[in-house]
Structure formats: C-alpha cells, structure tokens
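Now for the letters of each chain:
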Amino acid sequence: MRYYFTLFVICIYNTLIYGQGISISPSRIFFTGDPGQTVSQIITFSNTSNTELSFVANLKDWDRDSLGVKKYYSEGQKPQSNAAWLTLSENTVRLAPGETKSVNLSMTIPKKNASLQLTNTMLFFTQVKEQKAVLQNGLHMNVLIEVGIQIYHTPSGLNPGDLEFLAFEDRYVTPNQTGQPVRRMDIHVKNTGQINKDVYVRFELTNTETGEEIPVKTVAIAMLPQSDQWVQIELPEKLVAGNYLAVAILDAGNQYDLKIAEKEITY
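Attention in this report is confined to the structure presented alongside it. These figures come from a predicted structure and were not determined experimentally.

Some words on the pairing of strand 15 (residues 181–191)
The side chains of a regular strand alternate, first on one face of the sheet and then on the other. Strand 15 sits mainly inside the fold: nine of its 11 residues count as buried. In this structure, the hairpin formed by strand 14 (residues 163–175) and strand 15 is closed by a connection of five residues, where Gly179 is found at a positive phi of approximately 90 degrees.

Okay, here's the thing in structure tokens:
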C-alpha cells in the first residue's frame, strides 16, 4: 500500500523568503502613506527550480499569542487589519523555470482614516500546481509551498514608546518542547509603543563563586504595538552546582536604551 502526503513549506527571513526552488523579496513591507494617498511596493519572485511554479494570493489578518507565535484570522476580522486597502497587479503568479517576475502591491489609505494606529495584514502566496511526487523514505510526498509577506501601514506621529520588563521568573526544571527536562528562565516583556519593535533578548549567566561566564544563546523576537510576550530561555545542560547571577538584556537598537534585569539562582 502506498501513502501520499502533502507538505507545506514556509520559510521567512529578514529580506528574502526562500522555498522549494522559489525566492521572494521582500518578506516585510512597511507603508507610510498619508490618508487618501496610494503607495506601492514591488514584490520580486525568482523561480530557481527546473519546473513551472504557480501561486495564488490571499490575505489573512494576524497577531501573536503570549509566546510570540503568529495566529491567523479571516480577512478583515481584526480591528488593526489593512487588508481592504490592498490591491495586487496579479492575483495569480506563474513562473517558468529560471524566470524572475515582479508584481506590484498597492495600498490606498482611506481619506477618512481616523485610526491613528499601526495596521497589518499577511499576504500569502500558495502554490496551486503540485510538483511531481517525490519518493522520500518510502513515502510519496507532494511538496507544496506557501509563503507569507507581512504588510504594515505606519502613520506618522505614532509614539515609539519603549520596552519594559514585566517579570523575570525561574521555572527550575521543566519539560521543553520535546519533553526533555531543562532548567528554564522566563522573561515577560512589554512593548509600550505604537510601532513594531525587533528585539534581541541577550542573556548572561555568571557563576558568582568562580567568576566563570557561561554562554547562553541570544533570542530574537518581533513585537507588535502595545503587546507583551514571554521569552523562554533554556540554560545549558550540566552546569556545575553553585550560585549564579542571571542577567537579561533587552536590545531594540541604537534608538532605545538597553533594559537590564538581574536574578540570583542556585543550580
């Protein structure tokens, strides 16, 4: 008996989106037009595969949950949606092998746009023509591609606000996403401003008895306006028993002051 599966692949980076033989640029678009103005941005598709690829466009509203994971909604469902302002020059994109194509995205800001807030939408391009099934591990799989581009409108005059620590918690030993027990620190962060913030959460761990500094991975997060988010930091395995000073640092770029929180822990 043969089993057939369909796999959706979504890969998003800072400036480019890469899929199975496709690259799309940019991955985030920030419009800054005034009420009544129409502004545009070119989206570039490059088919690096040896087969024809076809995509159909659709829009979704979205926000993030308490851990920063995106949640999607029907178009126009969220009050901060700007989906109704958007128009594409082509709603279906077909690319021959090796072809590069540009599509124009236009945003018409309403003349009576009384809402002085950042608005956002996710523009999806979903592959509609299945590639030839490929055999992987004895199973036939049709690999489809879906990519998302974040669309924002940022009116002038918004308050940039700042970042705040709301909590710095020691969760002790707790299961991670794979069920393995880990020592974990949780940091609760708030974006007090009306604009997006790209934030690096840096973490320093120092053995206060020996002075040894233990490296901990930096976490990058993106925060919507007036949002709060938990950042989970797993400490390295096999730490030497002793007393440690944990330091969390919020770094949102040169235009913001660094925010620092400290906590003493025993391992």
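Structure's up, so let's keep going.
A closer look at the packing of aromatic side chains
Taken as a whole and assessed by the stated rule, the structure comprises five aromatic pairs. Judged by centre distance (4.9 Å) and plane angle (85 degrees), the rings of Phe45 and Phe125 are edge-to-face. One end of the pair, Phe45, is in strand 5 (residues 38–47); the other, Phe125, is in strand 11 (residues 119–127), and 80 residues separate them in sequence. Note on accessibility: Phe45 and Phe125 belong to one class, buried.

Brief notes about the environment of Gln77
As for its position among the elements, Gln77 is in the loop between strand 7 (70–73) and strand 8 (86–88). Looking at Gln77, the relative accessible area reads 49%, which means it is partly exposed. For the pair Gln77 and Trp62, spaced 15 residues apart in sequence, the C-alpha separation works out to 9.1 Å.

Things to note about the pattern of salt bridges
Here the structure, examined in full by the defined rule, presents seven salt bridges. Across the pair Asp186 and Arg171 runs a salt bridge, and its minimum N-O distance is 2.9 Å. One end of the pair, Asp186, is in strand 15; the other, Arg171, is in strand 14, and 15 residues separate them in sequence. Taking relative accessible area as the criterion, Asp186 reaches 3% and is therefore assigned buried. One network of salt bridges, with partners in common, ties together Arg171, Arg184 and Asp186.

Regarding the side chain of Asp186
Polar side-chain contacts of Asp186 include one of 2.9 Å to the side chain of Arg171. Reaching out from Asp186, the side chain makes a polar contact with the side chain of Arg184 at a distance of 2.7 Å. The residues touching Asp186, leaving out its near neighbours within four places in the chain, are Ala167, Phe168, Glu169, Arg171, Trp230, Val231 and Gln232.

Notes on the nonpolar core
A general feature of soluble globular proteins is that nonpolar side chains tend to end up buried together. In this structure, Ile43, Phe45, Leu105, Leu123, Phe125 and Ile151 are the most contacted members of the largest nonpolar core, which totals 27 residues. Apart from residues no more than four positions distant in its own chain, Leu105 is found in contact with Ile29, Phe31, Val39, Ser40, Gln41, Ile43, Leu86, Thr87, Leu88, Leu123 and Ile151. Core analysis: the next-biggest nonpolar cluster, separate from the first, contains 25 residues, Met185, Phe203, Met223 and Ile265 among them.

Some remarks on the sheet that holds strand 14
With respect to topology, three strands assemble into an open sheet ordered 14-15-19, the strand pairing being antiparallel. Of all strands in the sheet, those with a lone pairing partner are strand 14 and strand 19 (228–234), marking the two edges. For this sheet the average axis-to-axis angle between neighbouring strands, irrespective of direction, equals 20 degrees. Across seven bridges, the pairing between strand 15 and strand 19 is antiparallel. Directly across from Met185, in strand 19, lies its bridge partner Ile233.

Conventions and cut-offs
- Residues numbered from 1 in each chain as written.
- Predicted model: local features only at pLDDT ≥ 70, side-chain atom pairs only at ≥ 80, totals over all residues.
- Heavy atoms only, no water.
- Buried < 20%, exposed > 50% of the residue type's maximum accessible area, 1.4 Å probe, protein only.
- Helix = DSSP H or I, 4+ residues; strand = E, 2+ residues; numbered from the N terminus.
- Pairing = 2+ DSSP bridges.
- Phe/Tyr/Trp six-rings, centres within 6.5 Å; stacked < 30°, edge-to-face > 60°.
- Salt bridge = Lys/Arg side-chain N within 4 Å of Asp/Glu carboxyl O.
- Polar contact = N/O pair within 3.5 Å; in protein donor to acceptor, adjacent residues only side chain to side chain.
- Contact = heavy atoms within 4.5 Å.
- Core = buried A, V, L, I, M, F, W, Y, C linked by side-chain atoms within 4.5 Å.
- Axes fitted to C-alpha atoms, helices over the stretch in contact; angles between N-to-C directions.

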